[in-house]
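Spelled out from the first residue to the last, the chains are:
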Amino acid sequence: MNRHLLSAADLSRDDAVLVLDTAEELARLADRPIKKLPTLRGRTVVNLFFEDSTRTRISFEAAAKRLSADVINFSAKGSSVSKGESLKDTALTLEAMGADAVVVRHSASGAPHRLATSGWIRGSVVNAGDGTHEHPTQALLDAFTMRRRLTGGEGDLAGKRVTIVGDVLHSRVARSNVLLLHTLGAEVTLVAPPTLLPVGVDTWPCATSYDLDGELDKSDVVMMLRVQRERMNLDGGGFFPSAREYSRRYGLDGRRMGLLPEHAIVMHPGPMNRGMEISAEVADSPRSTIVEQVTNGVSVRMAVLYLLLSGSDGIGEDA
Amino acid sequence: MSTRTFVVKGARPLGADPADLVLEDGAITEVGTGLSRSGAEVVDAGGLVALPGLVDLHTHLREPGREDAETVQTGTAAAAMGGFSAVHAMANTDPVADTAGVVEQVWRLGREAGHCDVHPVGAVTVGLAGRALAELGAMAESAARVRVFSDDGNCVSDAVLMRRALEYVKAFGGVVAQHAQEPRLTVDAQMNEGELSGVLGLAGWPAVAEEAVIARDVLLAAHVGSRLHVCHVSSAGSVEILRWAKSKGWNVTAEVTPHHLLLTDELATSYDPVFKVNPPLRTAEDVAALREALADGTIDAVATDHAPHSHEDKDCEWAAAAFGMLGLETALSVVQEAMVETGLLDWAGVADRMSVRPARIGLVEDQGRPLQAGSPANLVLVDPAARRRIDPFALTSRSRNTPYAGRELPGAVVATFLRGRPTVLDGKLV
């Protein structure tokens, strides 16, 4: 049985579908007047955030609390890469407090992997986003949202075409989504300027394109990634010439939305740069699932914590 | 110089037929069969291979400044345990070895420790900052007699400064040893840029950042008629450029580390910083090209880039960890596995790449000499049939950051002699 969720690659198709099915069951809870299950009573979940992310932290906190777990929020701001030793010391502290699960967000790729494999702690480790590596629960909630909208909330995503647009190079969301969506049978195309695609992307289980317009009419899902404006002001000329040019070539506006098939949805992991990668018109349209993704995040994270902590029905391989 | 006399019985010099060697008054005085000396100590070397004492062109002894990671005492002891009779101590200490005062201090500490000769490397630029030439002449004329200059850890990336350094050291027969790393292409770089860096989300260190600097530097060296040495070559592309430069007859030499001959970037998938090193571990194709280049002489020497780091600097997340790995005590074993057991080099070839050529590059006259009467008695006896499992806590170095922990490697150093005096005997530090 698996103890950790470090990468979307840890999940087989059956594991992933189990998480999504479990999340679907748990989502029904949200419609009840009392939104709480006793499942994880007496267990301790620590949210260990070395990087600011109020949205993700609140989502995990709500998920753990709805399962009656005790939740400790541990914000280790400032203890980032420059003082790496603190990762270990923090881990030892959490171990001493008896954490059953540690939900970790860190600016260093691989930090959750180190936590899980270094012997510093015994509890389960859930990767809540590490550097430019992965963010597996985001991919799960995205898949959950797609499944609800496109397949009636059942099975996998076989044959669905998903176009992911933007800063793939720096995106942990893109990495986890490519892996998970491929596992679930979807066909993924990454669209970005060549400067924002990593070396070796040709070996990933997906297609790539530099031309957004050419992909839209065959997409069931368009997922827009956040593009940081700072990326164009770096030494070396930046990754693209200007925000204006980026928007023109890779932004999703009303005209481009019109090229999508009738049933297609528009996703964004948030936080958005309105007017940069996505226009307000698109973000606020009925095709947009952006608010829904937030709601679904809680159900999916409940499912992950439930499956990791509540006994034998684990997910994935032992990491 | 040793007053003790040793008769080494039945060793195989450079892997050839067994012979006896007499070591007296600091020199090899006779090589032959059935040799004896009255009052001599006899070393039974049956089955052992005798090589000239190994010479490392690239060692970080960390003193002054980071005595918590290594000292001249512990680092040279580790060197002797690895079969080395001379090491070149890199300049990136604190304070930097950019003045006659610092290089003389390191040189004296080496003499006092007595485990092997220490040849300090002088910094090319003041404070390794890449802006102004350090006092290269003063270091050359100091008691330390510096001949190798390097900003290792940093690249001398400014083309004009590199040109001036190459020109300037001609006055005293020096050589500039370049750490080839285009800095702008490697900002925050964490591992080899390739398939894996993208998947692991670790910022890439592209091979072209090394190759572009080597290409520039071989052209500069040819243009000003000087001597260039390239540190820790790591990529197949670098090998091609060096092969081309050598075919032109240019005065260019190069080294490869043991770890780049054996390990690949796959190890980064563990996110264990013990595998974090600069230049980074690269692909299996690069490893194959480096082995071939070392075998055909395109790469002249094996140099360890022994880089001790404190536990704290490695026991953390990958991005926060220091670059570097230990090398002195495992170098010969790794070369045996990567080069000898693969048939790419014989023991004479190992002696050439780990002793003769590095001594020549560093202008160290009393090292890397043939195992014959008249040579200084610097030699190592190695048991090629031994196999040992590497235990970080059993190493002589003060640090533990070996990438071979738990791994079984062939070969074991049984004895090391420095001018006729044993520094290691029966596999133990004397």
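Residues numbered from 1 in each chain as written. Chains lettered and ligands numbered in written order. Predicted model: local features only at pLDDT ≥ 70, side-chain atom pairs only at ≥ 80, totals over all residues. Heavy atoms only, no water.

## A word on the interface of chain B and chain A
On the side of chain A, 24 residues touch chain B, which itself brings 22 residues to the contact. Of the roughly 1,700 Å² buried between chain B and chain A, counting both surfaces, carbon and sulfur atoms make up 53%. When residues of chain B are sorted by the area they lose upon contact with chain A, Y271, D315 and E317 of chain B head the list and together hold 35% of the total. Counting across the interface, chain B meets chain A through three salt bridges. (Contact = heavy atoms within 4.5 Å. Buried area = accessible area lost by both parts, 1.4 Å probe. Salt bridge = Lys/Arg side-chain N within 4 Å of Asp/Glu carboxyl O.)

## Digging into the sheet that holds strand β8 (residues 117-120) of chain B
All names here are of chain B. Across the sheet, which stays open at both edges, the three strands sit in the order β6-β7-β8 with parallel pairing between neighbours. Strands with a single pairing partner mark the edges of an open sheet, and in this sheet they are β6 (54-59) and β8. Ignoring which end each strand starts from, the neighbouring axes of this sheet average 20 degrees apart. (Pairing = 2+ DSSP bridges. Helix = DSSP H or I, 4+ residues; strand = E, 2+ residues; numbered from the N terminus. Axes fitted to C-alpha atoms, helices over the stretch in contact; angles between N-to-C directions.)

## Points about the pairing of strand β3 (residues 101-106) of chain A
Note on strand geometry: in a regular strand, side chains alternate between the two faces of the sheet. All names here are of chain A. Taking burial as the measure, the six residues of β3 include six buried ones, the bulk of the element. Of the two faces of β3, the one lined by A101, V103 and R105 and the one lined by V102, V104 and H106 are each fully buried. Summarising the sheet, strand β1 (residues 44-49) and β3 pair through five bridges and their orientation is parallel. Of the residues in β3, the one forming a bridge with F49 is R105. Pairing geometry for β3 and strand β4 (residues 124-130), over five bridges, is parallel. The residue bridging V102 from the neighbouring strand is V125, located in β4. The parallel pair β3 and β4 is bridged by helix α4 (residues 111-117), and the resulting crossover is right-handed. (Buried < 20%, exposed > 50% of the residue type's maximum accessible area, 1.4 Å probe, protein only. Right-handed = clockwise from strand over helix to strand, strands pointing away.)

## Things to note about the layout of surface pockets
Residues and elements named next belong to chain B. Of the voids in this model, the second largest pocket is the one considered here, and its volume is about 580 Å³. Broken down by secondary-structure element, the contributors of at least two residues to the lining of the second largest pocket are α2 (100-113) and β8. With four residues, β8 is the single largest residue contributor to the lining of the second largest pocket. Partitioned by chemical class, the residues of the lining of the second largest pocket number 12 nonpolar, six polar and eight charged. The residues that make up the lining of the second largest pocket include at least three from each of domain 1 (6-49 + 375-429) and domain 2 (53-361). (1 Å grid on protein atoms, 1.4 Å probe; cavity = no way out; pocket = protein on both sides within 12 Å on 5 of 7 lines; lining within 4 Å. Points joined across faces, edges and corners; volume = space filled by probe spheres on them. Nonpolar A, V, L, I, M, F, W, Y, C, P; charged D, E, K, R; others polar. Domains from an automatic or database assignment.)

## Some details on the domain arrangement of chain A
Residue and element names in this part refer to chain A. Assigned domains of chain A: these are domain 1 (8-135 + 294-309) and domain 2 (137-292). Here the C-alpha centre of domain 2 lies 25 Å away from the C-alpha centre of domain 1. Listed by partner, the interface residues are 33 residues for domain 1 and 29 residues for domain 2. Summed over both sides, the interface of domain 1 with domain 2 buries roughly 2,600 Å², with 57% coming from carbon and sulfur.

## Structural notes on the domain arrangement of chain B
All names here are of chain B. Segmentation of chain B into domains returns domain 1 (6-49 + 375-429) and domain 2 (53-361). Taking the mean C-alpha position of each, domain 1 and domain 2 sit 26 Å from one another. Contact with domain 1, which involves 37 residues of that partner, is made by 46 residues of domain 2. Taken together, the two surfaces of domain 1 and domain 2 that pack against each other cover about 3,200 Å², and 59% of this comes from carbon and sulfur. When the area that domain 1 buries against domain 2 is broken down by residue, the three leading residues are R398, N401 and Y404, summing to 21%. Across the domain 1-domain 2 interface, the total number found is one salt bridge.

## A closer look at the packing of aromatic side chains
Residue and element names in this part refer to chain B. Overall, the coordinates contain six aromatic pairs over all chains when judged by the stated rule. On the numbers, 5.3 Å between centres and 70 degrees between planes, the contact of F6 with F417 is edge-to-face. Here F417 lies in strand β17 (residues 408-418) and F6 lies in strand β1 (residues 6-13), a separation of 411 residues in the sequence. Taking the relative accessible area as the measure of exposure, F6 reaches 1% and is therefore buried. Residue F417 is classed as buried on the basis of its relative accessible area, which comes to 0%. (Phe/Tyr/Trp six-rings, centres within 6.5 Å; stacked < 30°, edge-to-face > 60°.)

## Description of the nonpolar core
Counting residues in hydrophobic clusters, the biggest one holds 94 residues, and the most contacted among them are L51, F149, L261, L332, V350 and M354 of chain B. A total of seven residues in this core trace back to one element, the largest contributor, which is helix α10 (residues 331-340) of chain B. When we break this core down by domain, the ones giving at least three residues each are domain 1 (6-49 + 375-429) and domain 2 (53-361) of chain B. Excluding anything up to four places from it in sequence, V350 of chain B contacts L51, L332, V335, V340, L345 and S355 of chain B. Counting residues in each nonpolar core, the second largest holds 84 residues, with A69, L184, A192 and L196 of chain A among its members. (Core = buried A, V, L, I, M, F, W, Y, C linked by side-chain atoms within 4.5 Å.)

## Notes on the sheet that holds strand β8 (residues 221-224) of chain A
All names here are of chain A. Taken in spatial order, the five strands make up an open sheet running β7-β6-β5-β8-β9, and their pairing is parallel. A single partner strand is all that each edge strand has here, and the edge strands are β7 (207-209) and β9 (265-267). Averaged over all adjacent pairs, the angle separating strand axes in this sheet is 20 degrees, with direction ignored. One ladder, built from three bridges, connects strand β6 (residues 187-191) with β7; its direction is parallel.

## A few points about the confidence of the model for chain A
Detailed reading of predicted coordinates is not advised where the pLDDT is low. Mean pLDDT over chain A stands at 91; residues scoring 70 or higher make up 92%. Overall, residues 312-319 of chain A carries pLDDT values under 50, and its contacts beyond four positions in sequence, including any with other chains, amount to 23 contacts. (pLDDT = per-residue confidence, 0-100.)

## Details of the pattern of salt bridges
Residue and element names in this part refer to chain B. Inspection of the entire model under this criterion finds 38 salt bridges over all chains. One salt bridge connects E240 with R243, and the closest N-O pair in it is separated by 2.9 Å. A residue pair is termed a helical-turn pair when its members lie 3 or 4 positions apart in one helix, as E240 and R243 do in helix α7 (residues 236-247) at three residues. The closest approach of N and O atoms between D352 and R353, which form a salt bridge, is 2.6 Å. Connected through shared salt-bridge partners, K246, D300, D352, R353 and R357 make up one network.

## Here's the deal with the environment of G225 of chain B
All names here are of chain B. Mapped onto the elements of the fold, G225 is located in the loop between α6 (207-224) and β13 (228-230). The exposure class assigned to G225 is exposed, which follows from its relative accessible area of 52%. Between the C-alpha atom of G225 and that of N251, which follows or precedes it by 26 residues, the distance is 7.9 Å.

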